[in-house]
Amino acid sequence: MNLRNGPMPGFSVLLAGLGGQGIMLLAKVIASAAARHFPYVCRSEFRGLSQRGGAVQACVRYSRKPITAIIGVGEADLVLGLDALESARALPALKPNGRVVSHDGILPPHHLWRTWQDTSDPEYESTKLREQTLAHLNRISQVCLLDAGSLAQRLGNHRVFNFIMLGAASHHLRLPAESLHGAMGDLLSSTLVALNIQALKLGRRTSHERRASITPFPVHEHTPWVRGA
Amino acid sequence: MKMASVLERNHSAPATAAGSEILSGDHAVAWGALDAGIAFASSYPGTPATDIVEILHRVADPARVKVRWSINEKVAYESALAVAIGGLRALAAMKQVGLNVASDAFLNSCPAGINGGLVLVVGDEPECHSSQNKQDTRWYREMSGALLLEPADSQEAYDMARAAFDWSERFLIPVILRLTTRTAYGCSPVLRRKPVKGPSVFAWPKNPERFFIVPSVSRKLFKSLLERQREMSQVLEASAFTLRKPSAHSARRTSGILCTGLGYALARELAPPHWSILKVPGEPFPEAALAKFVRDHAEILVLEEGDAFLERKARLIASDTCRVRGRISGELTHFGELHKEEIRHVFHGAASDPTQPPWPTLPPRLPEICKPCGYHKVFEAIKQIKDVATPSDIGCNSLGGLPPYSVMDGVWAMGSSIGVACGLAAMGHKRVLAIIGDSTFYHAGIPPLLEAVQNAYCMTVLLLDNGTAAMTGGQPVPHKSNDPQTSKVDLVRLIHALGADSCLPFDPHVLGVSGIRQLIEASFERSGVKVLLYRSQCGLYSPGYFPARTETSVSA
Ligand code: SF4
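For clarity, every value in this text was computed on a predicted model and none was experimentally measured.

**Quick look at the pairing of strand 2 (residues 40-43) of chain B**
For a regular strand, side-chain orientation follows a simple rule: the groups alternate between the two sheet faces.
All names here are of chain B.
Reasoning step 1: Every second residue of strand 2 is oriented toward a common face, with Phe40 and Ser42 on one face and Ala41 and Ser43 on the other, all of them buried.
Reasoning step 2: In terms of handedness, the path from strand 2 via helix 3 (residues 50-59) over to strand 3 (residues 66-69) forms a crossover that is right-handed.
Reasoning step 3: Relative to strand 4 (residues 90-95), strand 2 runs parallel, the two being bridged by four bridges. The residue of strand 4 that forms the bridge with Ala41 is Leu91.

**With respect to the confidence of the model for chain B**
Residue and element names in this part refer to chain B.
Reasoning step 1: On average, chain B scores 91 in pLDDT, and the residues at 70 or more come to 91%.
Reasoning step 2: Here residues 1-15 is a poorly scored stretch, pLDDT under 50, and it has 39 contacts once near neighbours within four places are set aside; other chains count.
Reasoning step 3: Considering only residues more than four positions removed or in separate chains, one finds that residues 545-556, a stretch of pLDDT under 50, has 30 contacts.
Reasoning step 4: Reported for the predicted complex are a pTM of 0.92 and an ipTM of 0.88.

**A short note on the sheet that holds strand 5 (residues 94-103) of chain A**
Reasoning step 1: Taken in spatial order, the eight strands of this open sheet run 6(A)-5(A)-4(A)-1(A)-3(A)-2(A)-8(B)-1(B), and their pairing is mixed. Each end of this open sheet is capped by a strand with a single partner; those strands are strand 6 (143-146) of chain A together with strand 1 (21-24) of chain B. Between one strand axis and the next, the sheet turns through 20° on average, direction left out of account.
Reasoning step 2: Two strands pair when backbone bridges link them, and strand 2 (residues 40-44) of chain A and strand 3 (residues 55-63) of chain A are joined in this way by four bridges, in the antiparallel orientation. For Cys42 of chain A, the partnering residue across the bridge sits in strand 3 of chain A and is Arg61 of chain A.
Reasoning step 3: On top of the sheet, helix 4 (residues 122-138) of chain A reaches strand 5 and strand 6 of chain A; it is set at about 150° to strand 6 of chain A, its chief contact.

**Some words on the domain arrangement of chain B**
Residues and elements named next belong to chain B.
Reasoning step 1: Structurally, chain B comprises domain 1 (2-238), domain 2 (243-348) and domain 3 (375-555).
Reasoning step 2: Taken over C-alpha atoms, the centre of domain 1 sits 34 Å from the centre of domain 3.
Reasoning step 3: Facing the 11 residues of domain 1 at the interface are 13 residues of domain 3.
Reasoning step 4: Between domain 1 and domain 3, the buried area comes to about 840 Å², and carbon and sulfur atoms account for 61% of it.
Reasoning step 5: Counting the surface domain 1 buries against domain 3, the share from its top three residues, Tyr44, Ile71 and Gln132, is 49%.
Reasoning step 6: Linking domain 1 to domain 3 there are zero salt bridges.
Reasoning step 7: Classifying every residue of the side of domain 1 that touches domain 3 by side-chain character gives five nonpolar, four polar and two charged.

**As for the packing of helix 2 (residues 25-35) of chain B against helix 7 (residues 154-171) of chain B**
All names here are of chain B.
Reasoning step 1: In the contact formed by helix 2 and helix 7, the axes pass within 8 Å of each other and the chain directions differ by 30°. The handedness of the crossing between helix 2 and helix 7 comes out as right-handed. Across the interface between the two elements, Gly25, Ala28, Val29, Trp31, Gly32, Ala33 and Asp35 of helix 2 pack against Ser154, Ala157, Tyr158, Ala161, Arg162 and Phe165 of helix 7.
Reasoning step 2: In terms of residue class, the contact of helix 2 with helix 7 is built from eight nonpolar, three polar and two charged.

**Here we look at the interface of chain B and chain A**
Reasoning step 1: Between chain B and chain A, the residue contacts involve 51 residues of the former and 56 residues of the latter.
Reasoning step 2: Interface of chain B and chain A: buried area, both sides summed, is about 4800 Å²; carbon and sulfur atoms make up 59% of it.
Reasoning step 3: Summed over the shared surface of chain B and chain A, the result is six salt bridges.
Reasoning step 4: Arg61 of chain A is the partner of Glu269 of chain B in a salt bridge, and the nearest nitrogen-oxygen pair spans 3.0 Å.
Reasoning step 5: Within the residue set of the side of chain B that touches chain A, elements represented by two or more residues are strand 1, helix 8 (181-185), strand 8 (186-190), helix 11 (262-270) and helix 14 (340-348) of chain B.
Reasoning step 6: Relative to strand 8 of chain B, strand 2 of chain A is paired through two bridges, and the arrangement is antiparallel. The partner of Ser44 of chain A across the bridge, within strand 8 of chain B, is Gly186 of chain B.

**Thoughts on the packing of helix 11 of chain B against helix 14 of chain B**
Residues and elements named next belong to chain B.
Reasoning step 1: Where helix 11 contacts helix 14, the two axes come as close as 11 Å, and the packing angle between them is 55°. The orientation of helix 11 with respect to helix 14, classified from their angle, is oblique. Helix 11 and helix 14 meet at a crossing whose hand is right-handed. Residue-level contacts link Leu266, Glu269 and Leu270 of helix 11 to Lys340, Ile343, Arg344 and Phe347 of helix 14.
Reasoning step 2: When grouped by side-chain class, the residues that make up the contact of helix 11 with helix 14 number four nonpolar, no polar and three charged.

Cut-offs applied
Numbering of residues starts from 1 in every chain and runs along the sequence as written. Written order determines the labels here, with chains lettered from A and ligands numbered from 1. Totals for whole chains, interfaces and linings use every residue, but because this is a predicted model, local features are given only for residues with pLDDT of at least 70 and side-chain atom pairs only at 80 or more, for both listing and counting. To obtain the side-chain values, all non-hydrogen atoms of the structure were used and water was disregarded. Three exposure classes are used, based on accessible area relative to the maximum for each residue type with a 1.4 Å probe and protein chains only: buried under 20%, partly exposed in between, and exposed over 50%. Secondary structure elements are taken from DSSP: a helix is a run of H or I of four residues or more, a strand is a run of E of two residues or more, and numbering for both begins at the N terminus. Whether a crossover is right-handed comes down to one check: with the strands pointing away from the viewer, does the path from the first strand over the helix to the second run clockwise; if it does, it is right-handed. Pairing between two strands is assigned when DSSP locates at least 2 bridges connecting them. Every residue is assigned a pLDDT by the predictor, reflecting its confidence on a scale from 0 to 100. Only heavy atoms enter the contact rule, under which two residues are in contact if any of them lie within 4.5 Å. Axes here refer to lines fitted to C-alpha atoms; in helices the fit is confined to the stretch in contact. Angles between the N-to-C directions go from 0 to 180 degrees. What counts as a domain boundary in this text is fixed by an automatic or database domain assignment. The quantity reported as buried area is the accessible area (1.4 Å probe) lost by two parts once they are put together, taken as the sum for both. Within this document, salt bridges are pairs made up of a side-chain nitrogen of Lys or Arg and a carboxyl oxygen of Asp or Glu, the two lying within 4 Å of each other. When residue character is reported, Ala, Val, Leu, Ile, Met, Phe, Trp, Tyr, Cys and Pro are called nonpolar, Asp, Glu, Lys and Arg charged, and the others, Gly included, polar. Handedness of a helix crossing follows the sense of rotation of the near helix relative to the far helix, less than a right angle counterclockwise being left-handed and clockwise being right-handed. To sort the angles, those under 35 degrees are grouped as roughly parallel, those over 145 as roughly antiparallel, those from 65 to 115 as roughly perpendicular, and the leftovers as oblique.

Written out as structure tokens, the structure reads:
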């Protein structure tokens, strides 16, 4: 299929993380930004038992053709992970040339933590689990890992964690940054917009500096799509 | 592009259309009902249908629409039924297993029907994400003779909700709107249309020839209901919700997709252009139209969420000339949600998936009881008790059945903990501990408690009062209702009035693990029905109770 001259057919983002991290809000922001450029925009809102420490996934898809809010195996152009373990769990959904942008920390599952407390050293075990997880992620050729927690601290507010990660992934969404800013203006309460846009920019800059390891998708508004630039 | 325009003809408003919003199916149904001029909505919370009434609570004008969280689904349905019999428009929403509870009222209300539009929204869970089973509501439609509609996306959920009220009034019958997990939670663009006012006069009819369904009346009513089926199916087929897309290769009409609900949305996304499509919008759909589609093709693929409902029908019609592919043929998973990979496999054969590296096996994240919750102390205490039978119930407390506690022998239906305890007590089991939450107790735990009292059974009921329906998002329970008009319920007095031999309230944080253990052990020494009333507010839904979220994430 020659996509070089045709319009970009569609884009799928899978967001993965934990309950309470603000994944649903990120999905809303991406969807609202995408709606400025694409006729068909879907997102999912699966929640289940997310309050009780469970994993949360959300998806956003935008396209020029009718689509569903479902990302099947090997369909995600981008996995945006707010917890490295959950990013690794989402890998089967990734396209062969897809990108992964993820926080590099993990929250170990509670039941493991308890077992470790009884049998060994939880700090040691969780560091080991984190290293194994990052090794899985590093096997993906287009991966960008960053410590969003310490970046958020730089801004003095841990709650902007999610928008730092969105900023880091924003190169790869194929959406202009202004559209994301606009969507944030529409969806966040006015007192929070400035701080979160600052977070978005910090994340964006930081991942840009690591560009060597990952090629961003080109941003397209009305320009043709070039696959895997 | 030509194909797309045929497909888009009826719904799928593009997101860029001015004024459209990206909404979940639940949200779209709530708006559809409001714009159809409802006067009343009621529900008992249950995934994936909770959000409908949650949203109506937020956005409906209380002067025009009365919105209620009911005691259980049966009462939710009956209240809505009364409003509709009186000529106004009403909505009742529930999850699929909730309809089991409401089914007695629902099935028996269909022959006599209603006057104002009555829409029953049911959220099915083909993959059992948060349910005990995968039951498919379309079987209830077969029993009831009601009309059923199943949307493919949020726009259709909105449009169908509005049409459902009109058709309900036209055929004088409740209309079921079947959502499935992914149409309920999937969000896509919705363009609202101009609202209508809906009927405004409530008049309770005195018409026993119609509503007093003694056998002689029932037989007549049922005949008239059967007679209406044909017209209902014709209206459904002629509606804009039925779609037919011819094959792009006019010479090759060999392959067709028979689909409904989300199955259509997936067909629209995945099907190669030479497959023709028949989208069935609901039930009853004319047999003749199905038969024609089957006859016209050498093979059909059936795409539907849940059971092989249409597929069975197609198989009955198909002769040797048409191969019916789907769940029964084994090409799609036998039950549950539709999987894109399997559908692609049917369209393109095996070669579609490029080889992937082996994926790591990762430790799962199990749902957990919140850290400061009093349940930890209770379940730890039960864990230390030997030789105890623990029938338990639906809700947050079900988490006690998972590691690290695993203290529950079984979960069946709402209220079953006490009903099953009755059987255990009848068999002479001396150490029976029924575990049930407060919302579940009100919902279906009161009749079995009366049964226990009536038979002077020996059992302990551990009633966990956390002051809310926590599992579904913190909806109110009767003794903690936000509305002072309805919060006259006193749980302790209720238990005494039911005739329980004792009712001992306790605070888990004061008593501690060993105190709770002793309390339970001591209760086994006494005869009769003993209620141990745990009283500790759920922290998740009472702000300020839990310490601020502390970050324990490990980073470099
Ligand atoms: S949601 Fe409430 S009742 Fe459920 S585990 Fe958390 S604190 Fe306990």
